[in-house]
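Each chain, letter by letter, is given below.
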Amino acid sequence: MNDSGDDPPSRFASGILLAVVGTFLFALKSIFIKLAFAAGAEPTMLLVIRLAFALPFYVGVLWQVHCDPATRPIGRPLVMRAIGMGFLGYYLASYLDLSGLQYITAQLERLTLFVYPAIVAILAWLFLGERLHRRIILSIVLCYCGVAIMYGQERLVADGTQVTWGVVLVSGAAVSYAVYILLAKPTMAVMGSRRFTSLAMIGSTGFIGLHFLATREVSQLITASPVVYAYGFVLAIVCTLIPSFMINEAIMRVGATRTAVIGSVGPVLTMLLAIGVLGEPSSPWHFVGMGTAIVGVGLVTRK
């Protein structure tokens, strides 16, 4: 009898299943944000509710890491740096993303965010001296051709000014997250991913809390519909925490490459869900734009 766990075939199959389910749950995020907006939420309120549900988990992880005898102590500068990274990666990027979703479809939002690896490549070339190989240049061109195709289609069926503003906001979110990716890696390498992520998320909760207190009334949280809180819970737990663990475990079981390939269908799942659940308009050109960008991202993320 084998007591070592799953045999290799079942381990591989379970890894694929985890990647598929995790990708599907991530794809639901834009759909639930749109549903929350329809129920009366606005970006700042929704972020406060979402992060409040997730905060106890990150505090618990940070405490567990702190109590581990093997954990090396870190200085205040590293703690502050991690919190600063939270401002970029989890507060600013999330706020701009949700704000942009007020003006554009979930389909266009997900695709615009999806091209952030291309933005990382451009920023690394501009500021870190990394070379832009032909494959990377082709990838960037394809990514933005895909976004441009879908953007053009959306302008045909919606207010052009609002669509443009929505894309600008979500593009800002993608840039903010790309900067976070570039700056976070050295800090994460020193303190470990769990401690870094927990500090960044706790910091981002503080930032969005201050933002809400400066721009909104606390009574808005008290009078918010229970449905909005339900959507906030789903966004925090079902669409963020659970799939993040699933994707990380999938990487352990089947590797980063296979997991990334499966993850590339996330925008397609969001598109299908947006059409089926939200009734968003679509056309063959939407799928052409989506496919073009997915090929581009596939090129930039391939080793």
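Residues numbered from 1 in each chain as written. Predicted model: local features only at pLDDT ≥ 70, side-chain atom pairs only at ≥ 80, totals over all residues. Heavy atoms only, no water.

A.B. asks: Give me helix α4 (residues 106-114): which residues, what numbers.
C.D. replies: Judged by how many residues are buried, α4 sits mostly within the fold: nine of nine residues are covered. Residues A106, Q107, L108, E109, R110, L111, T112, L113 and F114 constitute the buried set of α4. (Buried < 20%, exposed > 50% of the residue type's maximum accessible area, 1.4 Å probe, protein only. Helix = DSSP H or I, 4+ residues; strand = E, 2+ residues; numbered from the N terminus.)

A.B. asks: Describe the environment of V168, naming the residues involved and giving the relevant values.
C.D. replies: Here V168 shows up in helix α7 (residues 160-191). Judged by relative accessible area, which is 45%, V168 ranks as partly exposed. Sequence-wise, V168 and E280 are 112 residues apart; in three dimensions their C-alpha atoms are separated by 20 Å.

A.B. asks: Before we move on, can you summarise the nonpolar core with the specific residues and values?
C.D. replies: The biggest cluster of nonpolar side chains holds 52 residues, and the ones touching the most others in it are F32, I33, M45, L46, Y180 and F196. Put simply, the parts of the chain that give this core at least two residues each are α1 (8-38), α2 (43-67), α3 (76-100), α7, α8 (193-215), α10 (226-254) and α12 (266-277). Those residues in contact with F32, other than ones at most four positions away along the chain, are Y231, V234, L235 and C239. Among the nonpolar cores identified, the runner-up in size contains 30 residues, and I140, C143, M150 and I294 belong to it. (Core = buried A, V, L, I, M, F, W, Y, C linked by side-chain atoms within 4.5 Å. Contact = heavy atoms within 4.5 Å.)

A.B. asks: Please give an account of the packing of α3 against α7 that cites residues and values.
C.D. replies: Viewed as axis vectors pointing N to C, α3 and α7 meet at an angle of 160 degrees, and their least axial separation amounts to 8 Å. Of the possible angle classes, the one that applies to α3 and α7 is roughly antiparallel. Our pair here, α3 against α7, has a crossing hand that is left-handed. The class makeup of the residues in the contact of α3 with α7 is 19 nonpolar, seven polar and two charged. (Axes fitted to C-alpha atoms, helices over the stretch in contact; angles between N-to-C directions. Parallel < 35°, antiparallel > 145°, perpendicular 65-115°, else oblique. Left-handed = near helix turned anticlockwise from the far one by under 90°. Nonpolar A, V, L, I, M, F, W, Y, C, P; charged D, E, K, R; others polar.)

A.B. asks: Got a sec to walk through a nonpolar patch on the surface? Specific residues and values, please.
C.D. replies: Residues W125, L126, F127 and L128 make up a contiguous nonpolar surface patch of about 490 Å² in total accessible area. In this fold, W125 is placed in helix α5 (residues 116-127). Given a relative accessible area of 44%, W125 falls into the partly exposed group. (Patch = residues over 30% accessible without salt bridge, like charges linked within 9 Å, V, L, I, M, F, W, Y side chains within 5 Å. Areas by Shrake-Rupley, 256 points an atom, 1.4 Å probe, with all protein chains shown as cover. Salt bridge = Lys/Arg side-chain N within 4 Å of Asp/Glu carboxyl O.)

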